[in-house]
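# Fold and geometry: a report
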Amino acid sequence: MAVEIKTLIHYPDLYFKKYAAVIKNGFTMKDDEKTRDLTESFEMISCDDKSELRILAIGTGQGLVDEVIIDLVSARFKAVVYVVVEPAEAELQKFKDMVSVKAGQDQWKNVTFKFLCTTIEDFLDTRSKTKTTEGFDVIHTLHSTCHFIDPHGSLVELYGILDKGGMLFVMLAAGPCERTLEKVGEYYFDPNMHFFGMSAVREKFLEQIKDAKIMTKFRAKRFRINECFQEDSEDGNDMLDFIAQIPDFRKTVSKEVADAIINIIKENCVKSGDDIMFGVDEEDMLAFK
């Protein structure tokens, strides 16, 4: 039976230290393929007749991917309202700082931002209590659905507050990364971190919203993890912690569990010359109302 554990999400500074090791070894949140897919996806928005486009962005962090999205919609629509829901205050401030820099460069002049340092659960609860009826044309959650307390229920509720013709955009892990998370989830659980990827979310969503029109986009991504198999490597241990989402993985879990999870990682690696590459594939789900 799975036992409760505190994952990296509870330790923001530690999380970004581990994340830095992954970036150092070739991972990136923004790349040409993702930008192309985002461009194609946001061109599908059928709201050109509206006076303003309303977007709800959930779990944005410092807004690295949002920058691409805002560039796209600000160029296409006369007015954009961009509501950001992000519970990590330090990350939200970085997003605000980016917006200030853009304003100084005379960019995004037609975008009105609303920053909310809160969780998606509190955001939806406040809407319910205040009987808010104003909807959104686009709602996106990019690698943040796994941190919802009730991910499946919240996605259904978010789909419900889309205006007609609106788009719910969900991005999550797929492939090797998803399979590794599922293996971790056999041993551990955290109410603030669900060990799943897009397959489970897409299946459950379609069970609950049977008439949803969806499409998906898949991206294969890799980064180098040679040092993960060197127990005395700081970068290797940081990457291993990030992949499993468990702080100090080698010391926290039993040898039996560590071996099982590391074996799954090994099974999902490919060789590229002298490098061992691990897949952090992504899948987008677009659900149209």
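As a reminder, the structure under discussion sits directly above these lines.
Here is a short report on the structure shown in this document. What you see is a predicted model, and the numbers here were worked out from it, not measured in a lab. (Residues numbered from 1 in each chain as written. Predicted model: local features only at pLDDT ≥ 70, side-chain atom pairs only at ≥ 80, totals over all residues. Heavy atoms only, no water.)

### Describing the pairing of strand β2 (residues 53-58)
The buried count for β2 comes to 6 of 6 residues, which makes it a mostly enclosed element. As defined by bridge partners, β2 adjoins strand β3 (residues 80-85) across 6 bridges and the pair is classed as parallel. Counted as the bridge partner of L53 is V80 from β3. A crossover links β2 with its parallel partner β3, the connecting element being helix α3 (residues 64-76), and its sense is right-handed. Of the strand pairs in this sheet, β2 and strand β5 (residues 136-142) are connected by 4 bridges, and their pairing is parallel. Residue pairing in the sheet places I55 in a bridge with V138 of β5. (Buried < 20%, exposed > 50% of the residue type's maximum accessible area, 1.4 Å probe, protein only. Helix = DSSP H or I, 4+ residues; strand = E, 2+ residues; numbered from the N terminus. Pairing = 2+ DSSP bridges. Right-handed = clockwise from strand over helix to strand, strands pointing away.)

### Some thoughts on the side chain of D37
Here D37 lies in helix α2 (residues 32-42). Each residue touching D37, except ones within four places of it in the same chain, is listed here: K217, R219 and D284. (Contact = heavy atoms within 4.5 Å.)

### Focus on the pattern of salt bridges
Summed over the entire model, instances satisfying the criterion amount to 26 salt bridges. A salt bridge links R36 to E33; the nearest nitrogen and oxygen atoms lie 3.8 Å apart. In this pair, R36 and E33 both sit in helix α2, 3 residues apart, roughly one turn of the helix. Residue classification places E33 among the partly exposed positions, given a relative accessible area of 30%. Ionic pairing is found between K94 and E91, a salt bridge with its closest N-O pair at 3.1 Å. In this pair, K94 and E91 are both assigned in helix α4 (residues 89-104), 3 residues apart and thus about one turn of the helix distant. For K94, a relative accessible area of 40% gives the class partly exposed. Taking the relative accessible area as the measure of exposure, E91 reaches 6% and is therefore buried. In this structure, a network of salt bridges that share partners links the residues D31, E33, K34, R36, D37, R219, K221, E282 and D284. (Salt bridge = Lys/Arg side-chain N within 4 Å of Asp/Glu carboxyl O.)

### Quick notes on the packing of aromatic side chains
Both the distance between ring centres and the angle between the ring planes are used here to describe each pair of aromatic rings. Under the defined criterion, the tally for this structure stands at 15 aromatic pairs. Centroid distance F16 to Y19: 6.4 Å. Interplanar angle 70°. Geometry classified as edge-to-face. Of this pair, F16 and Y19 both sit in helix α1 (residues 12-24), 3 residues apart, which is roughly one turn of that helix. Geometrically, the ring pair formed by F95 and F115 is edge-to-face, given 5.4 Å between the ring centres and 70° between the ring planes. Residue F95 is found in helix α4, and its partner F115 is found in strand β4 (residues 111-116); the two are separated by 20 residues along the sequence. Given a relative accessible area of 0%, F95 falls into the buried group. Owing to a relative accessible area of 22%, F115 belongs among the partly exposed residues under this scheme. These aromatic residues form a ring-pair network of at least three members: Y15, F16, Y19, F27, F223, F242 and F278. A cation sits over an aromatic face here: K94 above F16, 5.6 Å from the ring centre. In this arrangement the basic side chain of K289 is found over the ring face of Y159, its NZ or CZ atom lying 5.8 Å from the centre. (Phe/Tyr/Trp six-rings, centres within 6.5 Å; stacked < 30°, edge-to-face > 60°. Lys NZ or Arg CZ within 6 Å of the ring centre and 35° of its normal.)

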